[in-house]
Amino acid sequence: MEHGEVYYTSLYVLTYPRNNNSVRDTSAVALSYFQKAATYYQQAQYVEAIQHYLSGLKYDKSRYHIYADLAKAYEMVGKWEQALVYLDIALQMCPDSPTVLRRQTRIKEEKAFYQTLLSEIGLEVSQPREFAPCINTENSVRPQHIVEYKFFKLTVEPTVTPQTLWYICQLIARVHDEVGSQLDCYPNRQICISIINSYDAPTQTNLPKWASGCYDGQILLKYCADGEPELGVLYSLIRHEWTHLLVELLTQGKCPIWFNEGLAHTIARPLLTYEKFALQQAKENETLPTISQLNQSFTNFTTSQRKIAYLQSAAIVTSLIEEGGFSSIRQFLSLIGNGISTEKALQKVYNKSILPN
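The shown structure was predicted, so the numbers you read here are calculated from the model rather than taken from an experiment.

K.L.:
Sorry, what's going on with the overall build of the protein here?
P.N.:
Counting secondary structure elements, the protein contains 12 helices and six strands. Burial statistics for the protein: of 357 residues in total, 50% are counted as buried. Element-wise, carbon and sulfur atoms account for 49% of the exposed surface of the protein, whose accessible area totals about 17,300 Å².

K.L.:
For this particular structure, what's the right way to read the sheet that holds strand E6 (residues 219–223)?
P.N.:
Strand pairing in a sheet is mediated by backbone hydrogen bonds. Such pairs are either parallel or antiparallel. Spatial ordering of the open sheet is given by E1-E2-E3-E4-E6-E5, a layout of six strands whose pairing is mixed. In this open sheet, the two edge strands, each paired with only one partner strand, are strand E1 (135–138) and strand E5 (213–215). Across this sheet, the average inter-strand angle for adjacent strands is 15°, counted without regard to direction. As paired elements, E1 and strand E2 (residues 144–149) share four bridges and run antiparallel to each other. Within E2, the residue paired with glutamate 138 across the bridge is glutamine 144. Along the sheet face, helix H6 (residues 162–183) touches E1, E2, strand E3 (152–156) and strand E4 (191–197) and points at about 140° away from the line of E3.

K.L.:
Please clarify how helix H3 (residues 64–76) should be interpreted in this entry.
P.N.:
Residues separated by three or four positions in an α-helix point in the same direction, a consequence of the helix having 3.6 residues per turn. Compared with an ideal rise of 1.5 Å per residue, which puts 13 residues at 18 Å, H3 spans 19 Å between its outermost C-alpha atoms and is within 8% of the ideal. Most of H3 sits inside the fold, with 12 of its 13 residues counted as buried. Those residues of H3 not exposed but buried are His65, Ile66, Tyr67, Ala68, Asp69, Leu70, Ala71, Lys72, Ala73, Tyr74, Glu75 and Met76. Trailing H3 by a residue or two, glycine 78 shows a phi angle of about 75°, which is positive.

K.L.:
Would you mind showing me how to read unusual backbone geometry here?
P.N.:
If a residue is not glycine, its phi is most likely negative; likewise, a peptide bond is most likely trans. The phi dihedral of glutamine 252 is positive, around 55°, even though this residue is not glycine. Here glutamine 252 shows up in the loop between helix H7 (231–251) and helix H8 (257–268). Judged by its relative accessible area of 48%, glutamine 252 is partly exposed. Residue glutamate 286 is not a glycine yet carries a positive backbone phi of 60°. Tracing the backbone through its elements, the reader meets glutamate 286 in the loop between helix H9 (273–284) and helix H10 (291–294).

K.L.:
When you look at the pairing of E6 in this model, what are you seeing that I'm missing?
P.N.:
Taken residue by residue, a regular strand's side chains alternate between the two faces of the sheet. The buried fraction of E6 amounts to five of the five residues, a majority that puts the element mostly inside the structure. The two faces of E6 match: Ile219, Leu221 and Tyr223 on one face and Leu220 and Lys222 on the other face are all buried. Looking at chain direction, E5 and E6 are connected through three bridges and run antiparallel. Across the sheet, the residue bridging to tyrosine 215 is isoleucine 219, located in E6. Connecting E5 to the next strand, E6, in antiparallel fashion are three residues, including glycine 217 with a positive phi near 105°.

How each quantity is defined
Residues numbered from 1 in each chain as written. Predicted model: local features only at pLDDT ≥ 70, side-chain atom pairs only at ≥ 80, totals over all residues. Heavy atoms only, no water. Helix = DSSP H or I, 4+ residues; strand = E, 2+ residues; numbered from the N terminus. Buried < 20%, exposed > 50% of the residue type's maximum accessible area, 1.4 Å probe, protein only. Areas by Shrake-Rupley, 256 points an atom, 1.4 Å probe, with all protein chains shown as cover. Pairing = 2+ DSSP bridges. Axes fitted to C-alpha atoms, helices over the stretch in contact; angles between N-to-C directions. Contact = heavy atoms within 4.5 Å. Expected span 1.5 Å × (residues − 1).

Such coordinate-based values are descriptive only and should not be taken to indicate function.
Set out below in structure tokens:
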């Protein structure tokens, strides 16, 4: 998940009443917490950032941008309600702040989308009799729950409850069926899926801080929370990485990066309004990446470039799906898997050899 801009607490300027040491000392304590919170946020340690913002607010409640940054941290752990509460406070203090207003609009849209998504899935509460025996706890240096169920092996944090485990397993089964139907591809081996909480998990991974998941023969998903994962967000992440899994199977690793990432993003969830707006701004500023740039590793991009690269890739693939449906997507992937170049595959399937920016 990557969103919008962030204020940098280290740039805050404090002014003190002359000869008022107690106010100065209190403000200094607050600033120390706010600076640490900003650092934690930049390191994707969102729970710690929240804790430090809240601690700082005990000493200084006068800065609207602190409430806005606290809301951003809550957004990143999927706590939409808390985020909106603190944005309301920020707007009471500074009603015309364009950043706070923009952030509020974005979070309201995310909240509505993920809540609607979960309600449409209709997860079953009751566990089948055969499910509980599938849950085992690995008593190693760090205990983990391991679930071998149907076609997958799931490893999760020990704090995840059996009920949430059941919900996650339903989400995985749903992704297997739905994305498999879209791409007409179903793995014929057991798929290993690991879900870690970066807040309290010392597990070292090859994931960059900005990434929430990857597929490298198995699926690794990451979330940050002081409790259990937000299921709507987790469902989208599973869809994203499952798409990478199927694309790998269908093309033997030959799929162009922009198509692979764009398809995964599109299948995971549609572009939201604020993302379309970001693309429009990039177009107006003439900063949209070219296809050749999109076929480079997104890891090498700056944060802003990477954000636009994902969105631009998703926008291109969305237009191809609207043009030819998933049957054309499957045909394109088949051609790529058989060694046909991207240009020739585009020409054959979509009657175009170069995609416009």
